[in-house]
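# Understanding the architecture of this molecule
Listed here are the chains, written in short residue letters.
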Amino acid sequence: MNKSVIIEIRAGAGGDEAALFATDLHRMYSRFAEKQGWEVKALNSNTLQISGQDVYDKLKQEAGVHRVQRIPETEKSGRIHTSTASVAVLPQVEEKQVEIKLSDLKIDTFRASGPGGQNVNMRSTAVRLTHVPSGIVVGSQDARSQGANKENALKVLRSKLYALKMEKEIKKMVDERKAQIGTADRSEKIRTYNFPQNRITDHRIKKSWHDLERILDGNLSPIIKKFQKAGKA
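Values in this document were obtained by computation on a predicted structure and should not be read as measured data.

The next thing to look at is helix 5 (residues 221–232). An ideal rise of 1.5 Å per residue puts 16 Å on 12 residues; helix 5 measures up with 16 Å between its terminal C-alpha atoms. Turning to helix 5, its buried residues number three or more, namely Ile223, Ile224 and Phe227. Projected down its long axis, helix 5 carries its buried residues within an arc of 95°, all on one side. In helix 5, the exposed positions angled more than 90 degrees off the buried face are occupied by Lys225, Lys229 and Lys232. Looking at the buried positions of helix 5, the neighbouring elements they touch are helix 1 (15–36), helix 2 (55–59), strand 9 (189–194), strand 10 (199–202), strand 11 (207–210) and helix 4 (212–216).

All right, on to unusual backbone geometry then. Phi at Asp54 is positive, roughly 55°, even though this residue is not glycine. Relative to the elements of secondary structure, Asp54 occurs in the loop between strand 3 (47–53) and helix 2. You can call Asp54 partly exposed: its relative accessible area is 28%. A positive phi angle is found at Asp211, which is not glycine, with a value near 60°.

Here the focus is the sheet that holds strand 8 (residues 136–140). What links the strands of a sheet is backbone hydrogen bonding, and the strands pair in either a parallel or an antiparallel sense. With antiparallel pairing, 3 strands are arranged side by side in an open sheet as 6-7-8. Only two strands of the sheet have a single partner each, and these edge strands are strand 6 (105–110) and strand 8. Between one strand axis and the next, the sheet turns by 15° as a mean value, whatever way the strands run. Alignment of strand 7 (residues 126–131) against strand 8, held across 5 bridges, turns out to be antiparallel.

Let us look at the side chain of Asn194. Mapped onto the elements, Asn194 comes out in strand 9. There is a polar contact of 3.1 Å between the side chain of Asn194 and the side chain of Gln69. Contacts of Asn194, omitting those with residues within four sequence positions, involve Gln69, Arg199 and Leu212.

Here the focus is the packing of aromatic side chains. The full count for this structure, using the stated rule, is 2 aromatic pairs. Centre to centre, the rings of Phe21 and Tyr193 are 5.3 Å apart; their planes meet at 70°, and the pair counts as edge-to-face. One end of the pair, Phe21, is in helix 1; the other, Tyr193, is in strand 9, and 172 residues separate them in sequence. Residue class for Tyr193 comes out buried when judged on its relative accessible area of 1%. On the numbers, 5.6 Å between centres and 85° between planes, the contact of Phe32 with Trp38 is edge-to-face. Relative accessible area serves as the criterion here: at 2%, Phe32 is assigned to the buried category. According to the relative accessible area criterion, Trp38 is buried, its value standing at 9%. Directly above the ring of Phe195 sits Arg70, whose terminal nitrogen or CZ lies 4.9 Å from the centroid.

Definitions and cut-offs
Residues numbered from 1 in each chain as written. Predicted model: local features only at pLDDT ≥ 70, side-chain atom pairs only at ≥ 80, totals over all residues. Heavy atoms only, no water. Helix = DSSP H or I, 4+ residues; strand = E, 2+ residues; numbered from the N terminus. Expected span 1.5 Å × (residues − 1). Buried < 20%, exposed > 50% of the residue type's maximum accessible area, 1.4 Å probe, protein only. Arc of directions from axis to C-beta. Contact = heavy atoms within 4.5 Å. Pairing = 2+ DSSP bridges. Axes fitted to C-alpha atoms, helices over the stretch in contact; angles between N-to-C directions. Polar contact = N/O pair within 3.5 Å; in protein donor to acceptor, adjacent residues only side chain to side chain. Phe/Tyr/Trp six-rings, centres within 6.5 Å; stacked < 30°, edge-to-face > 60°. Lys NZ or Arg CZ within 6 Å of the ring centre and 35° of its normal.

Okay, structure coming up:
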């Protein structure tokens, strides 16, 4: 089935090292998508839209908190630092699935900025949308026109509202059954990338893989196959 997903990657605990790790994950998913022949589009600096065959089925297990353990280049004493980044995998939804009322939106426009905060566009093409009822804020500045950035921001907002709706329904089921079911809760660390031991461990299925650099270069297939096998079992 041809589907699109929106992947949002945000640096967590760990300062600059967490930001570097978020960049590593961004590159990993981009490279994996390219190897699959999928279409990759950057909606903003930390959000990707990926379209292709079975894309959600193959990437849905990536949602959660990813942890990295490594020695930063700036660390002179050789101490291992632990940092985190959160990954959200949202199935892109059609307009008819989530209705967004214009009256519920606060729309701000501003000039796109580059590294260091300098303005890279003399016109106010960047867009920030605030969905007042939910408090969700999304932005887009990488497209060249205000209209394109608004459309990109709406795609992300629509997927986030859909995910919020699903989370509420799942929580209701959990409360009714008094049992924890799969919610891809971001507060749980799902995977650890241990550089000193050249090992990636997924804590949900209790499996480890070596050749960490190769996996971060987009060779995610071994991990995905393990999850598909576990799902069938």
